[in-house]
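The primary structure of each chain is shown beneath.
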Amino acid sequence: MENLLKTKQLQSHQPSSEALLRLLDAIKRNISDSRIEAVSDETRFDAAYKAIMQCAMLGLWLHGYRTSTSQPGHHQTAIQTLQTTLGTHASTVIVLDALRKQRNISDYAGDPGR
């Protein structure tokens, strides 16, 4: 984490209790939205991915960091820190990173790949 701070991939951040609670509420809403079968798979995927990123941000916030959104790869950085911040198993981080790559293809090339 300190190396990511030195390379400016992370920044120091001390969120308020209210901000943490708002982020938790957003995570719950996005998980709930991802389960709505009446919307497209692509929309459900987007909601699930957003919840993943919000969980990664929550983990970073709880450790006094946030990603530097001005740096390229901030989603990748957030996902790759999950092992440290939330104790996510390495194999799960690999899957989440694959979902990040799929999201990029979907968002930037218009190919949901499903």
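Residues numbered from 1 in each chain as written. Predicted model: local features only at pLDDT ≥ 70, side-chain atom pairs only at ≥ 80, totals over all residues. Heavy atoms only, no water.

### So, the side chain of Thr88
Checked against the element boundaries, Thr88 lands in the loop between α5 (82–86) and α6 (90–109). Those residues within four positions of Thr88 in sequence are excluded, and the remaining contacts are Leu82, Gln83 and Val93. (Helix = DSSP H or I, 4+ residues; strand = E, 2+ residues; numbered from the N terminus. Contact = heavy atoms within 4.5 Å.)

### Examining the environment of Ile94
Structurally, Ile94 can be placed in helix α6. Judged by its relative accessible area of 61%, Ile94 falls in the exposed class. When the C-alpha positions of Ile94 and Ala78 are compared, they lie 13 Å apart, and in sequence the two are 16 residues distant. (Buried < 20%, exposed > 50% of the residue type's maximum accessible area, 1.4 Å probe, protein only.)

### Re helix α3 (residues 41–62)
Taking 1.5 Å per residue as the helical rise, α3 with its 22 residues ought to reach 32 Å, and the 31 Å between its terminal C-alpha atoms agrees with that figure. Positive backbone phi, approximately 85 degrees, marks Gly64, located one or two places after α3. (Expected span 1.5 Å × (residues − 1).)

### Details of the nonpolar core
Within the largest apolar cluster, 19 residues are counted, with the highest numbers of intra-cluster contacts made by Leu23, Leu60, Ala78, Ile79 and Leu82. Elements with a contribution of two residues or more to this core: α2 (17–34), α3, α4 (74–80) and α6. When residues of this core are assigned to their parent elements, the largest contribution, eight residues, is made by α3. Among residues more than four places away in sequence, those in contact with Leu82 are Cys55, Ala56, Gly87, Thr88, Val93 and Leu96. (Core = buried A, V, L, I, M, F, W, Y, C linked by side-chain atoms within 4.5 Å.)

### Observations concerning unusual backbone geometry
Unlike most non-glycine residues, Lys8 shows phi in positive territory, near 70 degrees. Following the sequence through the fold, Lys8 ends up in the loop between α1 (2–6) and β1 (10–12).

### Concerning the environment of Arg100
Take Arg100: it is sitting in helix α6. On the basis of relative accessible area, Arg100 is assigned to the buried category, the value being 9%. Remark: the alpha-carbon pair of Arg100 and Met1, spanning 99 residues in sequence, is separated by 20 Å. Filtering out sequence-adjacent residues up to four positions away, Arg100 remains in contact with Tyr49, His75, Gln76 and Ile79.

### What to know about α2
If you check α2, its first and last C-alpha atoms are 26 Å apart, about what 18 residues at 1.5 Å a residue would give, namely 26 Å. Of all the positions in α2, only Ala19, Leu20, Leu23, Ala26, Ile27, Asn30 and Ser34 are classed as buried. In a view along the axis of α2, the buried residues occupy a sector of 120 degrees, so they form one face of it. Summarising the geometry of α2, the exposed residues directed more than 90 degrees from the buried face are Ser17, Leu21, Arg22, Lys28 and Arg29. For α2, the secondary structure elements touched by its buried residues are α3. (Arc of directions from axis to C-beta.)

So yeah, pure geometry; function would need other evidence.
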